[in-house]
Amino acid sequence: MRVLLTTLNAKYLHVNLALRYLRACCRDLGHTFILDEFTINDRPEHIAAAIYHRRPDLAAFSCYIWNIEPTLTVIRILKTVRPELIVLCGGPEVSFDVEDFLEHHPEVDMVVGGEGEMPFRALMERLAENDVLWLPDEGRPGTAGPPAGKYIHSVSPGGTRLDPRLLAAVPGLAWRQKGRIRINPQPDLTPMATPAFTSPSAGDATKGLPLSAGQAPGETWALGGDLDAIPFPYAEDLAAGTGNLSQRTVYYETSRGCPFACGFCLSSTTTGLRYFSLERVKDDLRKLLAAGVREIKFVDRTFNAHKKRALAIWEFLVSLKPRARFYFEIAADRLDEDMLSFLRRVPAGLFQFEIGVQTINPEVNDRCNRRQDWERLSANVRRLREMGNIRLHLDLIAGLPGETYAGVGKSFDAVAAIKPHEIQLGFLKLLKGTPLRARAKDFGYLFLERPPYEVLASSAISYEEMLRLHSMENMLQLYGNSHLADHALGYLVQQAFGGSHFKCYEALAAWWEEQELFRRGHSQRDLFNHLAAFAASLGNSGCPSIPAAAEKIAMSETGGQAAPSLVSPPPAGRERPGGRFRPLAPFGLERFYQLLKFDFLCRDRSRNFPGWMPPSTLSELERSDILARIADPAFREKYMPGLKQEAPANIRRHGFIEFFPCHPERPEADAATLVFFYYGPGNFKAEVYYLQAPFKSP
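Residues numbered from 1 in each chain as written. Predicted model: local features only at pLDDT ≥ 70, side-chain atom pairs only at ≥ 80, totals over all residues. Heavy atoms only, no water.

Trainee: Give a description of the overall build of the protein chain that names residues and reports values.
Mentor: Scanning the protein chain for helices and strands turns up 24 helices and 24 strands. Residues counted as buried form 53% of the 698 residues belonging to the protein chain. For the protein chain, the proportion of contacts with a sequence separation of at least 24, taken over those separated by at least 6, is 70%. For the protein chain, the accessible surface area stands at approximately 30700 Å², while carbon and sulfur atoms represent 52% of it. (Helix = DSSP H or I, 4+ residues; strand = E, 2+ residues; numbered from the N terminus. Buried < 20%, exposed > 50% of the residue type's maximum accessible area, 1.4 Å probe, protein only. Contact = heavy atoms within 4.5 Å. Areas by Shrake-Rupley, 256 points an atom, 1.4 Å probe, with all protein chains shown as cover.)

Trainee: Give a detailed account of the pattern of salt bridges, specifying residues and quantitative values.
Mentor: Side chains that differ in sign of charge can pair as their charged atoms come close. Per the stated rule, a full pass over the model turns up 35 salt bridges. Notably, a salt bridge pairs Glu37 with Arg248, separated by 3.7 Å at the nearest N-O pair. Linking Glu37 in strand E2 (residues 32-39) with Arg248 in the loop between helix H8 (243-246) and strand E12 (250-252), this pair joins segments that are 211 residues apart in sequence. Both residues of the pair, Glu37 and Arg248, belong to the buried class. A salt bridge links Arg256 to Glu115; the nearest nitrogen and oxygen atoms lie 2.8 Å apart. With Arg256 in strand E13 (residues 255-257) and Glu115 in the loop between strand E5 (110-112) and helix H5 (117-129), this pair connects stretches of sequence that are 141 residues apart. What you see here is one network of salt bridges that share partners, running through Arg20, Arg23, Arg27, Glu37, Glu236, Asp237 and Arg248. (Salt bridge = Lys/Arg side-chain N within 4 Å of Asp/Glu carboxyl O.)

Trainee: Residues and numbers for the layout of surface pockets, please.
Mentor: Of the voids in this model, the second largest pocket is the one considered here, and its volume is about 920 Å³. Taken together, 31 residues make up the lining of the second largest pocket; nearest its centre are Lys419, Asp486, His487, Gly490 and His501. Of all the secondary structure elements, the ones that give two or more residues to the lining of the second largest pocket are helix H14 (405-417), strand E19 (422-427), helix H16 (463-480), helix H17 (486-496), helix H18 (501-515), helix H21 (586-603) and strand E23 (666-678). In terms of residue count, the dominant contributor to the lining of the second largest pocket is H17 (seven residues). Of the residues contributing to the lining of the second largest pocket, the split by class is 14 nonpolar, eight polar and nine charged. (1 Å grid on protein atoms, 1.4 Å probe; cavity = no way out; pocket = protein on both sides within 12 Å on 5 of 7 lines; lining within 4 Å. Points joined across faces, edges and corners; volume = space filled by probe spheres on them. Nonpolar A, V, L, I, M, F, W, Y, C, P; charged D, E, K, R; others polar.)

Trainee: I'd like a rundown of the nonpolar core, residues and numbers included.
Mentor: Core analysis: the largest hydrophobic core is formed by 159 residues, its most contacted members being Trp314, Phe351 and Phe353. Setting aside anything within four residues of it in sequence, one finds Phe353 in contact with Trp314, Phe328, Ile330, Leu343, Leu384, Ile390, Arg391, Leu392 and His393. Residues Ile34, Ala59, Leu85 and Val98 belong to the second largest nonpolar core, which totals 26 residues. (Core = buried A, V, L, I, M, F, W, Y, C linked by side-chain atoms within 4.5 Å.)

Trainee: Requested: an account of the packing of aromatic side chains, with residues and values cited.
Mentor: Aromatic ring pairs are reported here in terms of the distance separating the ring centres and the angle at which the planes meet. What the rule picks out here adds up to 34 aromatic pairs. With 6.4 Å between their ring centres and 90° between their planes, Tyr479 and Trp512 make a pair best called edge-to-face. Highlighted residues: Tyr479 in helix H16 and Trp512 in helix H18, separated in sequence by 33 residues. On the basis of relative accessible area, Tyr479 is assigned to the buried category, the value being 1%. Ring geometry for Phe676 versus Tyr678: centroids 6.4 Å apart, planes at 25°, classification stacked. With relative accessibility at 1%, the residue Tyr678 sits in the buried group. Of note, Arg248 hangs over the ring of Tyr12, and the distance from its end group to the ring centre comes to 4.7 Å. Note that Arg256 overlies the ring of Tyr21, its terminal NZ or CZ placed 5.1 Å from the centroid. (Phe/Tyr/Trp six-rings, centres within 6.5 Å; stacked < 30°, edge-to-face > 60°. Lys NZ or Arg CZ within 6 Å of the ring centre and 35° of its normal.)

Trainee: Please give an account of the side chain of Asn184 that cites residues and values.
Mentor: With respect to the element layout, Asn184 can be found in the loop between strand E9 (180-183) and strand E10 (196-198). Among the polar contacts made by the side chain of Asn184, one reaches the main-chain carbonyl oxygen of Leu167 at a distance of 2.8 Å. (Polar contact = N/O pair within 3.5 Å; in protein donor to acceptor, adjacent residues only side chain to side chain.)

Trainee: Give me the lowdown on the confidence of the model for the protein chain, citing residues and values where you can.
Mentor: Residues at a pLDDT of 70 or more form 83% of the protein chain, whose mean pLDDT is 85. Low pLDDT, under 50, characterises residues 191-222; the stretch is placed with 76 contacts to residues that sit more than four places away or in other chains. Note on residues 541-575: pLDDT is under 50 here. Beyond four places in sequence and across chains, it has 44 contacts. (pLDDT = per-residue confidence, 0-100.)

Trainee: Kindly report on the environment of His53, identifying the contributing residues and their values.
Mentor: If you trace the backbone, His53 turns up in helix H2 (residues 44-54). Within polar-contact distance, the side chain of His53 engages the backbone oxygen of Ala49 at 3.0 Å.

Trainee: Help me get a handle on the sheet that holds strand E24 (residues 687-691), residues and values and all.
Mentor: Strand order across the open sheet formed by three strands is E22-E23-E24, with antiparallel pairing between neighbours. Each having just a single partner strand, strand E22 (655-663) and E24 make up the two edges of the open sheet. Neighbour-to-neighbour, the strand axes of the sheet open up by a mean angle of 30°, direction not taken into account. Taken together, the five bridges between E23 and E24 define a ladder with antiparallel strand orientation. The residue bridging Phe677 from the neighbouring strand is Val688, located in E24. The strands that helix H22 (residues 620-631) touches are E22, E23 and E24; relative to E22, the one it contacts most, it runs at about 110°. (Pairing = 2+ DSSP bridges. Axes fitted to C-alpha atoms, helices over the stretch in contact; angles between N-to-C directions.)

Trainee: Quick one: what's the story with the sheet that holds strand E3 (residues 58-62), residue by residue and with numbers?
Mentor: The strand order across the open sheet formed by seven strands is E2-E1-E3-E4-E5-E8-E9, and the pairing between neighbours is mixed. The sheet is open, and its two borders are formed by E2 and E9, each paired with just one other strand. Neighbouring strand axes in the sheet, compared pairwise and without regard to direction, differ in orientation by 20° on average. Pairing of strand E8 (residues 173-177) with E9, which is carried by four bridges, proceeds in the antiparallel orientation. Pairing of Trp175 across the sheet is with Arg182, part of E9. Set on the sheet, helix H3 (residues 68-81) makes contact with strand E1 (2-9), E3 and strand E4 (86-90); between it and E3 the angle comes to about 170°.

Trainee: Describe in detail the pairing of E4, supporting the description with residues and values.
Mentor: Of all five residues in E4, five are buried; the element is thus mostly enclosed. Where E3 lies against E4, five bridges are found, and the strand directions are parallel. Pairing of Ala60 across the sheet is with Leu88, part of E4. At this point the chain moves from E4, through helix H4 (residues 98-104), to the parallel E5, and the crossover so formed is right-handed. (Right-handed = clockwise from strand over helix to strand, strands pointing away.)

Trainee: Residues and numbers for the packing of H16 against H18, please.
Mentor: In a packed pair of helices, the relevant descriptors are the angle between the two axes and the axis-to-axis distance. It is the contact of H16 with H18, at a shortest axis distance of 8 Å, that shows an interaxial angle of 100°. With respect to each other, H16 and H18 are oriented roughly perpendicular. Together, Arg468, Leu469, Ser471, Met472, Met475, Leu476, Leu478, Tyr479 and Gly480 of H16 and Phe502, Tyr505, Glu506, Leu508, Ala509, Trp512 and Glu513 of H18 make up the contact between the two elements. Of the residues in the contact of H16 with H18, the class split is eleven nonpolar, two polar and three charged. (Parallel < 35°, antiparallel > 145°, perpendicular 65-115°, else oblique.)

Trainee: Describe the side chain of Arg636, naming the residues involved and giving the relevant values.
Mentor: Mapped onto the elements of the fold, Arg636 is located in helix H23 (residues 633-639). Although Arg636 is buried, it forms no salt bridge, and the closest oppositely charged side chain is Asp632 at an N-O distance of 6.6 Å. With residues near it in sequence (within four places) discarded, Arg636 still touches Ile630, Ala631, Pro641, Leu643, Lys644, Gln645, Glu646, Pro648 and Ile651. (Lys, Arg positive; Asp, Glu negative; His and termini not counted.)

Trainee: So what's going on with the packing of H2 against H3? Residues and values would help.
Mentor: The contact between H2 and H3 brings their axes to 9 Å, and the two run at 50°. Taken as axis vectors, H2 and H3 run oblique relative to one another. Once H2 is placed against H3, the crossing between them reads as right-handed. Across the interface between the two elements, Pro44, Glu45, Ile47, Ala48, Ile51 and Tyr52 from H2 touch Pro70, Thr73, Val74, Ile77, Leu78 and Val81 from H3. Residues that form the contact of H2 with H3 fall into these classes: ten nonpolar, one polar and one charged. (Left-handed = near helix turned anticlockwise from the far one by under 90°.)

Here it is, written out as structure tokens:
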């Protein structure tokens, strides 16, 4: 039997773990398994054509909130041209309200809810034991009639029909019988539950593929709470060659379940935590790293829920000295001194932590059944930030029950104050099966009834405010998380917005709306120009540099043609958030432009300077003299050891020197500073060296 395992990933770089688990659990059976992954950017008709040419007898789709709509389109196309094709769906998006899903989607034959390994294995076993693919209408040799004692799969006017005796024996399976939907009881996930998986014997066609940790050929494992019973999911990928996985993000789990039960999360629908053994985890990771995998994302809901296990795995990874990156989702308020002490010694760039703050409001957290110690979390994140070796990604959610627009702003500013590398402002989604979805009316939620089930408004926050937050999130991605203009934007936050990042992004987003900038794409240079014009719009009318700066920027945006003012008032009926900023004095605006110039030079090596950029106070003769001194190997060895091996010709060719009236890291005070930007070959961003005449380290 030809079984296709497929999904539509969000990006090509992603690797679907669930499909590989299903394949691994059935590798000893006699079926031919084909794993083929697509992306949501592929056209559904192209995906359907590719699957059609694979000629599967059964197609199993892994379904998620981001891919369910195009997945169903693909299935409908396939069922139109091949009504006899058996279609099985699984995954979190179809694991809840299964009966409703099947009623509304007759093109789907079966659904596996929850963890799929046991039900899928049971189904594949029965299909292997019984000649269910006897298709009388296909005219295949030897199919004049079904063999005695075998179940029959056939095509009826309504599509695919499978023998109910076969389907009724599969735990966790939802299926159709004579127009009715049957839902079998979920499998028992307590340790040593059945059915069992049998490892390949010495003579099996899958000989040579890795077994589970400690598993001998021919030995039977029982799957349930014992996660070690699930075979290593990437065996076939590694056996076929490492080129593919080494260029993609590999997903891996060391546990299932979560110690928390947050009302908006699917983890709240399960209880307890189950772990793969440490020996198994280490063995799996050795295989992946030995195969050249460069990026592994751990999908454990709370990686550090078990302190000793987390430390053991982190220590193991560091001991391997891998050329790879590892991503973990952690609860930062559960870090203690032992963990922080170890994390201080982790090589820079090896780990990235994703930390779900969501909100700092304890009452809102209570409504979500969340427990979080914000003071401890923020203190730990500050310590991690000071260490500087681990990238920190912090999450917030807008639309939580009872949280107002102002409350979101308070959480945003609190998170921004601890300076993570990245802030994600997400929007609440009322996922099927979650407690918050069940209580949607209690909180006055208006939300999308179709995926992604995003909240539009609630009794605490209006649709207009949610739209404003979406625009701010766009600004956050373009400027904040890209770190495009950190120095200039940070100065603007302090000088014009009283230290509130939220108010700054709010005003910037409103200004973009006024200028209708959200309607088109923007280059990096455009983004700098827009920020310069936005700052000009914050200046008071007594600043003579504002009109000239705005005019130059406007002309650059339109190829020298006349353009509407980029500091125009808001359109009728729309007001910019008022009373939220202090007008920039001429000095403040000039200092802002100096910092924006610094940020621009860190990113742009073209030396094609925009109109808003303050002119250099260095003459070409002075610049040439300074570069000549920097090219001296003795000088670089003393003041720029990172460049001591560079040839003098490269220093002149790839270097640029500029004078600033303040130190970019300390802009509040006047401190004349020379800055050397080195744009080495292939560098995304310039290497920056601060100098003070006569060339002494600051």
